[in-house]
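Listed below, chain by chain, are the residues.
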Amino acid sequence: MATLTTKLTLTSTNALSDATNVSVTDTLTTANPTELSRKSIATGSAQSVIASNSSFSYVYLKNISSSNAAAWLQVKLGGDAKIRLDVGEFAIFPLYSSQAITMEAQTAACVVEYGYWTKG
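A short tour of the structure in this document, coming up. (Residues numbered from 1 in each chain as written. Predicted model: local features only at pLDDT ≥ 70, side-chain atom pairs only at ≥ 80, totals over all residues. Heavy atoms only, no water.)

So, the sheet that holds strand 8 (residues 101-106)
With antiparallel pairing, the 4 strands of this open sheet are ordered in space as 3-8-5-6. Of all the strands in the sheet, just strand 3 (47-50) and strand 6 (81-86) have a single pairing partner and so form its edges. In this sheet, adjacent strand axes meet at a mean angle of 30° when their direction is disregarded. Relative to strand 8, strand 5 (residues 72-77) runs antiparallel, the two sharing 6 bridges. Its bridge partner lying in strand 8, W72 is registered against Q106. (Pairing = 2+ DSSP bridges. Helix = DSSP H or I, 4+ residues; strand = E, 2+ residues; numbered from the N terminus. Axes fitted to C-alpha atoms, helices over the stretch in contact; angles between N-to-C directions.)

If you want it as structure tokens, here you go:
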């Protein structure tokens, strides 16, 4: 067993009528398998990033493309759920077991940095 520490901080003085200051930290227990890698994602067809996780997992995704700021990734989670990651944006979330993650670049090819850790 290993641990993974996550931290999210949201601050703003003008996004809402009141100032926003939220900070959350969590220590997650993880087990094998784990992976942290990068992959080039082309336009035109969905490409597998995580074929299918065997257990509940924590997933990290970041669009690290630098050649085209207008390029973005369409991320498909399992069935019909989709999220969009513009250049520089990231996501970290728990993923139910037996789910695949596929991506398709929009506008231009993108590079994704991704990782997953099995929930311990």
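Still more to cover.
Considering the sheet that holds strand 7 (residues 90-95)
Hydrogen bonding along the main chain pairs the strands of a sheet, whether they run parallel or antiparallel. Ordered by their spatial adjacency, 5 strands build an open sheet running 1-2-9-4-7, and the pairing between neighbours is antiparallel. Strand pairing shows two members of the sheet lacking a second neighbour, strand 1 (2-12) and strand 7, which therefore form its edges. Pairs of neighbouring strands in the sheet enclose a mean axial angle of 40°, with direction left out of account. The pairing of strand 1 with strand 2 (residues 20-41) spans 11 bridges and is classified as antiparallel.

Bear in mind that shape data such as this cannot, by itself, settle questions of function.
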